[in-house]
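Read off the chains here:
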Amino acid sequence: MLVATLSKRLLRVGQAKRCGLSLRSFSDAKDKDLVLTSIDGDTGVATITMNQAPVNSLSLEMCQAITTAIKEVESQPEIQSLVLASSLPGVFCAGLDITELHKPDEKRLTDFWHSFQQIYFDLYGSRLATIAAIAGHAPAAGCMLALSCDYRIMVSGAGSKKPSTIGLNETKLGIVAPSWLGYQYIDTIGQRQAELGLSLGLLHQPEQALAIGLVDELVPREEVLSRAQAEAVKWGKIPAKARLASKMLARKARLDHLAATRKEDNDFFRSFVTNETAQKIIDGYLQSLSKKKS
Ligand SMILES: CCCC/C=C\CC(=O)SCCNC(=O)CCNC(=O)[C@H](O)C(C)(C)COP(=O)(O)OP(=O)(O)OC[C@H]1O[C@@H](n2cnc3c(N)ncnc32)[C@H](O)[C@@H]1OP(=O)(O)O
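Residues numbered from 1 in each chain as written. Predicted model: local features only at pLDDT ≥ 70, side-chain atom pairs only at ≥ 80, totals over all residues.

If you look the protein up in an unreviewed UniProt entry, it shows as Enoyl-CoA delta isomerase 1, mitochondrial from Seminavis robusta. Under the UniProt heading Subcellular location (unreviewed entry), the note attached to the protein is "Mitochondrion matrix". (UniProt positions renumbered as here; feature names shortened; annotations may be inferred.)

### Structural notes on the site of the ligand
In the vicinity of the ligand there are 27 residues, among which Gly95, Leu96, Ala140, Ala141 and Leu289 approach most closely. At four residues, the largest contribution of residues to the shell around the ligand is made by helix H12 (residues 276-293). Of the residues that constitute the shell around the ligand, the class distribution is 16 nonpolar, seven polar and four charged. (Near = placed C-beta within 6 Å. Helix = DSSP H or I, 4+ residues; strand = E, 2+ residues; numbered from the N terminus. Nonpolar A, V, L, I, M, F, W, Y, C, P; charged D, E, K, R; others polar.)

### Regarding unusual backbone geometry
Most peptide bonds take the trans form, and the phi angle of most residues other than glycine is negative. Look at the link from Ala53 to Pro54: it is a cis peptide, with omega at 5°. Inspection of the secondary structure puts Pro54 in the loop between strand E2 (46-50) and helix H3 (60-74). Residues other than glycine seldom take positive phi values, yet Asn56 does so here, at roughly 55°. With respect to the helices, strands and loops of the structure, Asn56 is situated in the loop between E2 and H3.

### Regarding the pairing of strand E6 (residues 136-139)
Within a regular strand, side chains alternate between the sheet's two faces. As paired elements, strand E4 (residues 90-91) and E6 share two bridges and run parallel to each other. Note that in E6 the partner of Gly90 across the bridge is Gly136. Relative to strand E8 (residues 166-167), E6 runs parallel, the two being bridged by two bridges. Within E8, the residue paired with Pro139 across the bridge is Gly167. (Pairing = 2+ DSSP bridges.)

This is the structure in structure tokens:
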């Protein structure tokens, strides 16, 4: 039986049967290294752990793996809550894989954006209670993953020389967040903070992210995952239908809008990214990232 590595520790066959949970692979062979899924046999909380070194950037395959993992967890009716976490120390998710945007193949670029939109549908619209365990940087599309969850727990910056940051920094790179991501930001932190954050491409340190409501709680690094899992237990006990209906009060119109304009959104993204000016910016940004290392 193929089970993601973390599941072996957390859920043995006997436990799974007692809990009425089916123990099986949550990731097909192609995906299993990018995303690990586990279920706590005692609490029924699922944890999806992004596992794409070095920075969990969202490539086409990574987006697909995340969607596959969410759908497979959702297909288990006994599971009510999900934690989204990272296996990488210091990085939750570095956003879109910028190499996907650089000199792209048209077909792959279309599929890539489609798969990124799909995460929005699957995570933002999930029937599950979703908790983000943000133990590291979460810029741009990394922030979108966190925004798509119901509750965000971030590593505290106190005492850290290089605290983690979170936010939508697209404008700093010379690109623009899609409207549906912009509205996620506005809906979460309010119009004024979102305007400031989007216009200036701000990346917030944890204490500031907490102050503007971008995250809900800060805890020491070693507690992020366990605290998120405890929170997931709490959310999982709320009557599921009422909880989902409440979530949809806030989110359904946004989800429906993207569903109705999905193709136009994809067309716009492709024409924006393949534009010569955008390509120069993306090329320069990629170089700056690798220069930073050398
Ligand atoms: C067009 C509309 C789209 C709008 C929607 C979303 C836009 C996006 O998501 S764009 C992506 C925005 N992301 C960022 O700006 C983050 C960039 N990365 C970083 O700032 C740092 O890497 C980070 C703070 C996340 C982690 O820092 P370090 O731990 O110090 O790692 P390194 O910087 O040394 O990076 C290691 C390695 O990873 C490569 N890398 C980093 N980020 C990305 C990325 N987003 N895509 C692809 N590759 C990335 C980096 O170049 C290094 O590679 P090597 O030099 O080959 O080791």
